[in-house]
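# Residue-level structure breakdown
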Amino acid sequence: MFRQVLKIPKSLSQLREKSTVIDVDSREASNVITDMLDTFRVLEGYGLAAPQIGIQKRVVVISPKALGIGEEDSLLMMNPVLSLSGDSQRVIEACFSVPYVHAYVDRATNCRVDFVDDAGQERSLNLSGFPAACLQHEIDHLDGKLYIDRVSRLQRSLLLKKINKEVKKEKKKEKE
C-alpha cells in the first residue's frame, strides 16, 4: 500500500527515531516490503528508507536503474550493514523528507552493504561514487539522521528557515 512520506518540520521527531532490526521471516516483513515497494514505485527517485514512511524498521529500497548500477527499478534491503572505505567525496543531496532544499554533504567514496533481499536471500553489494553516497544517505535514515545533520550549523539553520518559509506559503495557499 502507498504511504505518505513524513516531512520536516512536522515529523522531525519521528524521523529522528532509530530503527530496529526486522524479522525477515515475519508477516510484518511481508507487509513492510509491500508498502516500501508500492510507495517507491509511486515516488520513484534514487532511494527510500522505511522511517520516511513511518515504519521504524531497518529497511531501505534503492533504484539500481536510476543510479546507473543495474537494470532493476528497485532493490529492497532488509537489515543492511554498511562498511565505508575510500576518501571523502562531496555530493549534492536532496530528500523526500526534507522538502524544498538541497545541500552538499561529505560521504565516503566507497561502501559495501550486506543485507537480506525481499526474497529472503543474503546478499552483498559494493558501490562507489554517487550510488555509494545515496546508500549512505538512506542508511542514515535508519539511524535517525538526516543529511542536514551533516552540514554546518549555519547552513542547517538557513535550510530550515527556507523550509519553514515554504511550508507557510503552502499552508496559506491551501487556506485560499
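Quick caveat: nothing in here was measured; it's all calculated off a predicted structure.

Moving on, we get to the environment of Leu159. Structurally, Leu159 is set in helix H5 (residues 153–175). The class of Leu159 is buried, set by a relative accessible area of 10%.

So, on to the pattern of salt bridges. All chains considered together, the criterion is met by 13 salt bridges. The residue Asp106 makes a salt bridge to Arg90 at a minimum N-O spacing of 3.0 Å. Here the residue Asp106 occupies a position in strand E4 (residues 98–116), and Arg90 occupies one in strand E3 (residues 75–95), the gap between them amounting to 16 residues. The partly exposed category is assigned to Asp106, whose relative accessible area is 41%. Among the ionic pairs, Glu166 bridges to Lys169, the shortest N-O distance being 3.5 Å. Taken together, the residues span about one helical turn, with Glu166 and Lys169 both in helix H5 at a distance of three residues.

The rules behind these values
- Residues numbered from 1 in each chain as written.
- Predicted model: local features only at pLDDT ≥ 70, side-chain atom pairs only at ≥ 80, totals over all residues.
- Heavy atoms only, no water.
- Helix = DSSP H or I, 4+ residues; strand = E, 2+ residues; numbered from the N terminus.
- Buried < 20%, exposed > 50% of the residue type's maximum accessible area, 1.4 Å probe, protein only.
- Salt bridge = Lys/Arg side-chain N within 4 Å of Asp/Glu carboxyl O.

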